Amino acid sequence: MTKIEVNGALLAYDEVGTGTPVLLLHAGIADRRMWREQVPALAARHRVVALDLRGYGDSELPPDPFAHHEDVVGLLDALGLDGAALVGCSFGGKVAVDTALAHPERVPALALFGAPASGHEWSEETEQLWETLVGEVDPEDFAASAAGEVRFWVVGPTRRPETVDPELIRFAQEMDQRALAAELALSAVEVGELDPPAIDRLGELRMPVLVGAGAADVPDISRLADRIAAEVPGAVRLPDVPDAAHLLPLERPEPVNAALLDFLLP
């Protein structure tokens, strides 16, 4: 792990490999460790950077206002990179899309897994699924909250917890407890959003875009992937990966790595 100052905060990241740069942006229920299967696979051909977004993992959270997508560009500046392909999962995908819209000249390619877009509103179906699968949880009980979020996102609505790798569930809950603490701290800081948001600007994206989702994820995620692929000119929509939910790159690294190696420029 290395830390570097970006926009007044020390951000933590891992870096390995040489070649064209690739920046990995984690899900909101995780941290940079969720990319543990992608880093070595991509490093054979790329300079791979896995970032902890501000406040998450080992990155700091000063009280000053900031925007995650501006931190991404600040990290590129700090590392002396003109640009980098952005690979994002879930919330990291949202940050990646915001970055690509705000600074398209810095993002030569974009790969999104289980990603929403800023300005998207979850459907009533998703809200009802949460009530059915998780229900009321004490937000101050990070362990219970993490267990609920992992049940919803990592197991997914169509699978039973006992059918999912227990090590994946354990690791996801560990990461999510830290992420929940991060989100609580972030709620006290002014976090800038892309304006106007991305959901109605997808057609502005002109770089190559790859979009994927897990077949066991909540239905809204697959629909979002369909929308991104339909509205971004030339976007490539991967088939939904069977027996995988929201942390697709962590749960099913083989098809994700193969798709990324095929998609990213050498």
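Please refer to the structure higher up on the page.
Cut-offs applied
Residues numbered from 1 in each chain as written. Predicted model: local features only at pLDDT ≥ 70, side-chain atom pairs only at ≥ 80, totals over all residues. Heavy atoms only, no water. Core = buried A, V, L, I, M, F, W, Y, C linked by side-chain atoms within 4.5 Å. Buried < 20%, exposed > 50% of the residue type's maximum accessible area, 1.4 Å probe, protein only. Domains from an automatic or database assignment. Contact = heavy atoms within 4.5 Å. 1 Å grid on protein atoms, 1.4 Å probe; cavity = no way out; pocket = protein on both sides within 12 Å on 5 of 7 lines; lining within 4 Å. Points joined across faces, edges and corners; volume = space filled by probe spheres on them. Helix = DSSP H or I, 4+ residues; strand = E, 2+ residues; numbered from the N terminus. Nonpolar A, V, L, I, M, F, W, Y, C, P; charged D, E, K, R; others polar. Phe/Tyr/Trp six-rings, centres within 6.5 Å; stacked < 30°, edge-to-face > 60°. Lys NZ or Arg CZ within 6 Å of the ring centre and 35° of its normal.

A few words on the nonpolar core. Ranked by size, the top nonpolar core spans 92 residues in total, and within it Leu23, Leu24, Leu75, Leu110, Leu205, Leu247 and Leu260 carry the most contacts. Composition of this core by domain shows at least three residues from each of domain 1 (2-121 + 191-263) and domain 2 (124-186). With sequence-adjacent residues up to four places away left out, Leu260 is seen in contact with Gln38, Leu42, Val87, Ala111, Phe113 and Leu210.

A few words now on the layout of surface pockets. By volume, the largest pocket amounts to about 690 Å³. Phe91, Trp122, Glu149, Trp153 and Glu183 are, among the 25 residues lining the largest pocket, the residues nearest its centre. Every element with two or more residues in the lining of the largest pocket is listed here: helix 3 (91-102), helix 4 (124-133), helix 5 (142-155) and helix 6 (166-186). A breakdown of the residues in the lining of the largest pocket according to their chemical character gives 12 nonpolar, 9 polar and 4 charged.

Under the defined criterion, the tally for this structure stands at 4 aromatic pairs. Here the aromatic rings of Tyr56 and Phe91 are separated by 6.3 Å at their centres, their planes lie at 35°, and the arrangement is tilted. Of this pair, Tyr56 sits in the loop between strand 4 (46-51) and helix 2 (68-78) while Phe91 sits in helix 3; the two residues are 35 residues apart in sequence, bridging distant segments of the chain. For the pair shown, Tyr56 and Phe91 are each scored as buried. Connected via pairs of aromatic rings, a cluster forms that spans Trp122, Trp130, Phe152 and Trp153. Residue placement shows Arg36 over the ring face of Phe171; its charged tip is 4.1 Å from the ring centre.

Attention shifts here to the side chain of Arg201. By the secondary structure assignment, Arg201 is in the loop between helix 6 and strand 7 (209-212). Taking relative accessible area as the criterion, Arg201 reaches 14% and is therefore assigned buried. Sequence-distant contacts of Arg201, defined by excluding residues within four places in its chain, comprise Leu101, Leu194, Asp195 and Pro196.

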